[in-house]
Amino acid sequence: MRLFLVRHAEAAPGEPDDLRPLTSSGREKARALGERLAAAHPDAVLTSPLLRARETGELIARPTHVYPQPDERLAPGATADLLREAVEGKGETVVAVGHQPDCSEIVFELTGRQVPFAPGDVTELDL
């Protein structure tokens, strides 16, 4: 499986944490990422259930014509095993939108590489 692991785009500060929306800059970065990832023809876009990740996933999914799917396994605290469970059976190319430090920890666990994830960053993995 070709997996694109994405950290949600820039979110506004505030409380409650799970309802923080994307900033205008975050929305623009997610839109641009969606245009870029559309060329990969993803079969699925999965997101953390938190608002900022759902909004990022919606903007990524829009040009791909795939409906984004929130998945509790991608909420803060996600692990490589939970990610594998979430993407299983979703197709050959999948986008998963999560959080930090989870994204970096998942990449390290799967590849041994240290990859920093700024908001809206993506890393491609083969599962």
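Residues numbered from 1 in each chain as written. Predicted model: local features only at pLDDT ≥ 70, side-chain atom pairs only at ≥ 80, totals over all residues. Heavy atoms only, no water.

### Details of the overall build of the protein chain
Looking only at helices and strands, the protein chain has four helices and five strands in total. In the protein chain, the order of α-helices and β-strands from amino to carboxyl end is β-α-β-α-β-α-β-α-β. Rg of the C-alpha trace for the protein chain: 13 Å, near the compact-globule value of 14 Å for 127 residues, within the 12% margin. When its C-alpha atoms are laid out on the principal axes, the protein chain stretches across 35 × 30 × 25 Å. (Helix = DSSP H or I, 4+ residues; strand = E, 2+ residues; numbered from the N terminus. Rg over C-alpha atoms; globule rule 2.2 N^0.38 Å.)

### Quick word on the packing of helix α1 (residues 24–38) against helix α2 (residues 51–61)
Interaxial distance between α1 and α2 falls to 7 Å at its minimum, and their mutual angle equals 40°. For the element pair α1 / α2, the angle class is oblique. The two elements α1 and α2 meet at a crossing, and its hand is right-handed. Between α1 and α2, the residues in contact are Arg27, Ala30, Arg31, Leu33, Gly34 and Leu37 and Thr56, Leu59 and Ile60, respectively. Residue classes in the contact of α1 with α2 are distributed as five nonpolar, two polar and two charged. (Axes fitted to C-alpha atoms, helices over the stretch in contact; angles between N-to-C directions. Parallel < 35°, antiparallel > 145°, perpendicular 65-115°, else oblique. Left-handed = near helix turned anticlockwise from the far one by under 90°. Contact = heavy atoms within 4.5 Å. Nonpolar A, V, L, I, M, F, W, Y, C, P; charged D, E, K, R; others polar.)

### Considering the pattern of salt bridges
As enumerated under the stated definition, the model contains seven salt bridges in all. Residue Asp17 is joined to Arg20 by a salt bridge in which the shortest nitrogen-to-oxygen separation is 2.8 Å. Across the pair Asp71 and Arg73 runs a salt bridge, and its minimum N-O distance is 2.7 Å. On the basis of relative accessibility, which here comes to 29%, the residue Arg73 falls in the partly exposed class. (Salt bridge = Lys/Arg side-chain N within 4 Å of Asp/Glu carboxyl O. Buried < 20%, exposed > 50% of the residue type's maximum accessible area, 1.4 Å probe, protein only.)

### Looking at the environment of Val122
Note on placement: Val122 falls in strand β5 (residues 122–126). Taking the C-alpha atoms as reference, Val122 lies 9.2 Å from Cys103; in sequence the two are 19 residues apart. Setting aside chain neighbours within four positions, we find Val122 in contact with Phe4, Leu5, Val6, Leu33, Arg36 and Phe117.

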